[in-house]
Amino acid sequence: LIGIYTNRHGERWELQLKGSGKTPYSRNGDGRAVLRSSVREFLCSEAMHYLGIPTSRAASIVVSDDDVWRDQFYNGNIKKERGAIVLRLAKSWFRIGSLEILTHSGELDLLRRLLDFIIQEHFPSIAMNDSNRYLEFFSTVVSETANLIALWMSVGFAHGVCNTDNFSLLSITIDYGPFGFMDSYDPNFVPNTSDDERRYKIGNQANVGLFNLSKLLQALKPLLDPRQKQLASQILEGYGEHYYSRFTELFKTKLGLLGENENDNFLIAFLLNVSVLC
């Protein structure tokens, strides 16, 4: 993260470099990125924006003189590739994992301070003096995550690595790695060649979203009283209904269906199955 930029419209954007090398927070990798994946992230994040899907944006891409060694297909065939750096932007880069790690390490004071900062900066509809602010925050993230994944499905987008570190607390699409778009409908479509168990197949994205939100709830529980914990569990139970309702709405719009008809859902499912057969 290299800073925060406020544009002429008063919008604040966090600027982040991807592929610039190791930082104090790097894990075991070299922190570099290859030109191939950098171009894909640049193009796809901009495409997703113009498709109307919440996403990080790409401001620039710079080709590096560094040689980067990568096993592109995870088959033991390591090759030297040209490096690159993407300057990407988002309103926030905080993820579910940003809260998980604090709860896991017992840093509850820092967890509370970080949550209050995120709410104050990015959730203006939530009052900071509201004793239920963490519950309201969780409710918003649940509904917006359901909306985001339904939007992914409406354009046949598979993220590829839907873990909690890649799920934004602002419910935007971040961290474009082994993503892909389906050429024809296939619920088993997996763009990630290293995902042998098909955990992140496109037909499982909604379920993985629920799993990640349950991890978010676990991270928040130390800050909730017994009543709030019960209410939060009920909110989480409503995730499936949020997702299904938005999914149906989006596909009805694609088909030009007006009003409500009990056969709408049957028609959507039928057409998706026809796509599989074709």
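Thresholds applied
- Residues numbered from 1 in each chain as written.
- Predicted model: local features only at pLDDT ≥ 70, side-chain atom pairs only at ≥ 80, totals over all residues.
- Heavy atoms only, no water.
- Core = buried A, V, L, I, M, F, W, Y, C linked by side-chain atoms within 4.5 Å.
- Buried < 20%, exposed > 50% of the residue type's maximum accessible area, 1.4 Å probe, protein only.
- Domains from an automatic or database assignment.
- Contact = heavy atoms within 4.5 Å.
- Helix = DSSP H or I, 4+ residues; strand = E, 2+ residues; numbered from the N terminus.
- Expected span 1.5 Å × (residues − 1).
- Axes fitted to C-alpha atoms, helices over the stretch in contact; angles between N-to-C directions.
- Parallel < 35°, antiparallel > 145°, perpendicular 65-115°, else oblique.
- Nonpolar A, V, L, I, M, F, W, Y, C, P; charged D, E, K, R; others polar.
- Salt bridge = Lys/Arg side-chain N within 4 Å of Asp/Glu carboxyl O.
- Pairing = 2+ DSSP bridges.

Here we come to the nonpolar core. Core analysis: the largest hydrophobic core is formed by 55 residues, its most contacted members being Leu99, Phe137, Trp152 and Leu216. When residues of this core are assigned to domains, at least three fall in each of domain 1 (3-90) and domain 2 (96-254). Setting aside residues up to four positions removed in sequence, Phe137 forms contacts with Leu99, Leu115, Ile118, Ile119, Phe123, Ile126, Leu169 and Leu220.

So, about helix α4 (residues 133-154). Taking 1.5 Å per residue, 22 residues should reach 32 Å; α4 reaches 32 Å between its end C-alpha atoms and fits that length. Counting buried residues in α4 gives 17 out of 22 residues, a clear majority hidden from the surface. Of the residues flanking the end of α4, it is Gly156, one or two places downstream, whose phi is positive at about 70 degrees.

Here we take up the packing of helix α5 (residues 205-220) against helix α6 (residues 226-237). As a packed pair, α5 and α6 sit with axes 11 Å apart at the nearest point and diverge in direction by 170 degrees. Viewed along their axes, α5 and α6 adopt a mutual orientation that is roughly antiparallel. Facing Leu210, Leu213, Ser214 and Leu217 of α5, the residues of α6 in contact are Ala232, Ser233 and Leu236. When the residues that make up the contact of α5 with α6 are grouped by side-chain class, the tally is five nonpolar, two polar and no charged.

This part takes up the domain arrangement of the chain. A common way to state how big an interface is: give the accessible area lost once the parts meet. Partitioning the chain into structural domains gives domain 1 (3-90) and domain 2 (96-254). With centres defined by C-alpha atoms, the gap from domain 1 to domain 2 works out at 22 Å. On the domain 2 side, the residues contacting the 19 residues of domain 1 number 18 residues. There are two salt bridges connecting domain 1 and domain 2. Among the salt bridges present, the one from Asp175 reaches Arg88, with a minimum N-O distance of 3.0 Å.

A sheet is described by the order of its strands in space; here four strands give the open sequence β1-β2-β4-β3, paired in antiparallel fashion. Whereas interior strands pair on both sides, the edge strands pair on one side only; in this sheet they are β1 (3-6) and β3 (57-70). Mean inter-strand twist for the sheet, computed between neighbouring axes without regard to direction, equals 25 degrees. Sheet analysis places β1 next to strand β2 (residues 12-18), joined by four bridges and oriented antiparallel. For Thr6, the partnering residue across the bridge sits in β2 and is Arg12. Contacts from helix α1 (residues 35-50) reach β2, β3 and β4 (79-90), with the element oriented near 160 degrees to β3.

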